[in-house]
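# An overview of the molecular structure
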Amino acid sequence: MTPDHVFTALASPARRELLRLLRDEGAQPAGRLAERFDMSRPSVSEHLRVLRDAGLVSETRKGRERHYRLEAAPLMEIRDWLGPYERFWRERLATLTAVLDEMEDDDAR
């Protein structure tokens, strides 16, 4: 999957909440996940399909149930992609802090 697919999947608050549930509580059947939302079960299934298509969750069948599990690899790719931007802002904030500290020192004199 491309980062675009992952970003599209992450754009939905409901899908981010599904990922959080899977991260915090581990693999779960679709029905248990659907119980946590104020939307129809088919709507939750559609969100899970988008997450699966983006590679963010995997699906296994156990009898009649579909169990979903978080797959972190696409998130790691996004983290790596965002890394240079994080460094950019960290450097800018450090520069701003230095300027503000210098201004404060000048005012104190």
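For the chain, the name recorded in an unreviewed UniProt entry is Transcriptional regulator, with Nonomuraea deserti as its organism.

### With respect to the overall build of the chain
Regarding its fold elements, the chain presents 5 helices and 3 strands. Counted from the first residue to the last, the chain has its helices and strands arranged as α-α-β-α-α-β-β-α. Its C-alpha radius of gyration of 21 Å places the chain more than 25% over the 13 Å reference for a compact globule of 109 residues. For the chain, the C-alpha atoms occupy an extent of roughly 75 × 30 × 20 Å along the three principal directions. For the chain, the proportion of its 109 residues judged to be buried stands at 28%. At a minimum sequence separation of 6, the contacts of the chain that also span at least 24 residues come to 50%. Carbon and sulfur atoms form 53% of the exposed surface of the chain, whose accessible area is close to 7,800 Å². When the 19 basic and 21 acidic side-chain charges of the chain are each reduced to a single mean position, those positions are 12 Å apart.

### Some words on the packing of helix α2 (residues 13–25) against helix α4 (residues 41–53)
The contact between α2 and α4 brings their axes to 10 Å, and the two run at 75°. Taken as axis vectors, α2 and α4 run roughly perpendicular relative to one another. Judged by residue contacts, Ala 14, Arg 15, Leu 18 and Leu 19 of α2 engage Val 44, His 47, Leu 48, Val 50 and Leu 51 from α4.

Quick notes on the rules
- Residues numbered from 1 in each chain as written.
- Predicted model: local features only at pLDDT ≥ 70, side-chain atom pairs only at ≥ 80, totals over all residues.
- Heavy atoms only, no water.
- Helix = DSSP H or I, 4+ residues; strand = E, 2+ residues; numbered from the N terminus.
- Rg over C-alpha atoms; globule rule 2.2 N^0.38 Å.
- Buried < 20%, exposed > 50% of the residue type's maximum accessible area, 1.4 Å probe, protein only.
- Contact = heavy atoms within 4.5 Å.
- Areas by Shrake-Rupley, 256 points an atom, 1.4 Å probe, with all protein chains shown as cover.
- Lys, Arg positive; Asp, Glu negative; His and termini not counted.
- Charge placed at Lys NZ, Arg CZ, Asp CG, Glu CD.
- Axes fitted to C-alpha atoms, helices over the stretch in contact; angles between N-to-C directions.
- Parallel < 35°, antiparallel > 145°, perpendicular 65-115°, else oblique.

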